[in-house]
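Listed below, chain by chain, are the residues.
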Amino acid sequence: MGQALGQRAWAGGLFSMKEGTYDTNEEIESPPKVCMVVGEMPHPLSNTSLYDLNGVATSDPRPFSIMRYICTSLLNPEICVPNSDGTSKILFGSSVFVEGVSELCGDAPVVVMFDSNAGAGDFPTWIMFNTEPLLGLAGAVDNDGLEPYTCCNDTHLVDIDPSQFRIDAIGGGNKGLNRYASDRIAASVETFKIDKLEGGSIALGGPVDSPELGYQCHAAQEHLPLRAYITDERLPAVVVQEEVDTSDSGGTSAGSNIKSMKTMVVVVGIGVLIGSVYLI
C-alpha cells in the first residue's frame, strides 16, 4: 500500500557487572546482569474502515485504510495493527525484534533504547509489548513524566508548498520541529527506575529541553538524542571516604559520604547507543 512496511534493524548485548566491584559486598551474591537493546520499529499503523457518505461499509469484508501515528496519538490501541505473532498489539512488524530480545535476554532485566515511531508523548511505552522480557518496561510516562518529542529536524519542509504537506494525526502536517515522541528509553520496572530523562522537547513543536542534546548533524529528518539516569535497585549504597571542608577557614578533614552504586547512565542518539556505564 505504499507504506514501505517491514522489519527494522536492532542490536543488543548481555552485560555483567565487573568482578571486584561486587564480591566484597554481602548483599550481592552474583554479578548483576543487564540486557541492553537498541533498535527501530516500523511506523505503528491503524486500521480505519472505509465508509460511503451514508456511513455504510463499502464492501464486506470491509476494506481498511492503513494510517500512521493515529493509534499512538489517540490513546486507542484497539485500532492499532498488531504484529504477526501477537506479541505486540501496537507495533506491526516487531515480531522478529520481540523473539530475538526474548532469546538474547532471557530472564535478565532489560534497558531498551529505540525509535518506536510513536506519536504522542503521553502514549505509554509499557503497552507496546505483551510478552516478557519486554512486558515489564517503564518509560518516562510511567514515572509521572512525559515522553519527550524527538522527531524530527523537519525545517526543510517550511518553504515547501503547503498543499504538498502530508496531513498526519497530530500537528496538522509534518512541518516544523519535534512533532513526534518517537524515541524512547525504557527499563524493566521491577529492577530499574528512570530517575531523570534529558533531551527532546517537552511539548509538541517546542524548544529542545537540553541545548547540549540538540541536533548534531542538522540533517533532514534527524532525531534528537536522549540521556537517561537509571537506578538499579539491586545495587546497594556504599560508604566512600573523602575529604570534606569542615571550617570557614578552608581546612579539610577526612569524612564519610554515602555514594550510590545504583545509578546507570545511558545515552541514545539518532537511534544508536553511544554509551552505558555504571557510576561507582
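Here the structure is a predicted model, which is why all the values come from computation and not from measurement. (Residues numbered from 1 in each chain as written. Predicted model: local features only at pLDDT ≥ 70, side-chain atom pairs only at ≥ 80, totals over all residues. Heavy atoms only, no water.)

### Structural notes on the pattern of salt bridges
Our working definition: Salt bridge, as used here: a side-chain nitrogen of Lys or Arg that lies within 4 Å of a carboxyl oxygen of Asp or Glu. Runs of E in the DSSP output that reach at least two residues are strands. Runs of H or I that reach at least four are helices, and both are numbered from the N terminus. Relative accessible area decides the class of each residue, using a 1.4 Å probe on protein chains only: under 20% of the type maximum gives buried, over 50% gives exposed, and in between gives partly exposed.
Within this structure, the stated rule accounts for 6 salt bridges. In this structure, Glu40 and Arg8 form a salt bridge, with 2.8 Å as the shortest nitrogen-oxygen distance. You can see Glu40 sitting in strand E2 (residues 33–40) and its partner Arg8 sitting in the segment before strand E1 (10–16), a full 32 residues away along the chain. The exposure class assigned to Arg8 is partly exposed, which follows from its relative accessible area of 26%. Several salt bridges converge on common partners, so that one network encompasses Lys196, Glu198, Glu212 and Arg227.

### Here's the deal with the state of the cysteines
Cysteine pairs can be covalently joined through their sulfur atoms, and such a bond is termed a disulfide. How we decide: Here, the term disulfide refers to a pair of cysteine sulfur atoms separated by no more than 2.5 Å.
Across all of its chains, the model carries 3 disulfides by this definition. One disulfide in the model links Cys35 with Cys105; its S-S distance is 2.0 Å. Here the disulfide of Cys35 and Cys105 is left-handed, its torsion about the S-S bond being about -65 degrees. Residue Cys35 is found in strand E2, and its partner Cys105 is found in helix H1 (residues 95–105); the two are separated by 70 residues along the sequence. Here Cys151 engages in a disulfide with Cys152; their sulfurs sit 1.8 Å apart. Its S-S torsion of approximately -50 degrees makes the covalent link between Cys151 and Cys152 left-handed.

### Brief notes about H1
Structurally, the α-helix is built with 3.6 residues per turn, so residues lying three or four positions apart point the same way. We apply this condition: Should any heavy atoms of two residues lie within 4.5 Å, those residues are considered in contact.
What H1 keeps buried is the set Ser95, Phe97, Val98, Gly100, Val101 and Cys105. Here the buried face of H1 lies against E1, E2 and strand E5 (110–115). Taken from the residues just after H1, Gly106 is the one with a positive phi, measuring 60 degrees.

### Re the sheet that holds E2
The strands that make up a sheet are held in pairs by hydrogen bonds between backbone atoms, and each pair lies either parallel or antiparallel. Heads up, the rule is: Criterion used throughout: strands pair if DSSP finds at least two bridges between them. To get an axis, fit a line to the C-alpha atoms, keeping to the stretch in contact for a helix; angles then go from 0 to 180 degrees between the N-to-C directions.
Strand order in the open sheet formed by 5 strands is E1-E2-E5-E9-E6, and the pairing between neighbours is mixed. Pairing within the sheet leaves two strands with one partner each, and these edge strands are E1 and strand E6 (137–138). Summarising the sheet, E5 and strand E9 (residues 183–188) pair through 5 bridges and their orientation is antiparallel. Bridge pairing in E9 places Met113 opposite Ile185. The strands touched by H1 are E1, E2 and E5; relative to E1, the strand with the most contacts, the crossing angle is about 15 degrees.

### Describing the side chain of Arg227
As a reminder of what qualifies: Whenever two N or O atoms come within 3.5 Å, that pair is a polar contact, provided that in protein one can donate a hydrogen and the other can accept it, and provided that, for residues adjacent in sequence, both atoms are side-chain atoms.
On the secondary structure map, Arg227 appears in strand E11 (residues 226–232). Of note is the side chain of Arg227, whose polar atom sits 2.7 Å from the side chain of Glu198.

### Things to note about the nonpolar core
Stated formally: We define a nonpolar core as any set of buried Ala, Val, Leu, Ile, Met, Phe, Trp, Tyr and Cys residues linked to one another through side-chain atoms lying within 4.5 Å.
Core analysis: the biggest nonpolar cluster contains 22 residues, and Val37, Phe97, Val112, Phe129 and Leu134 have the highest contact counts within it. Among the elements of the structure, E2, H1 and E5 are those that each provide at least two residues to this core. The dominant element in this core, judged by the number of residues it contributes, is H1, at 4 residues. Leave out the neighbours within four places in its chain, and Phe97 touches Trp10, Val37, Met41, Val112, Phe129 and Leu134. Val38, Met113, Ile185 and Ala228 belong to the second largest nonpolar core, which has 12 residues in total.

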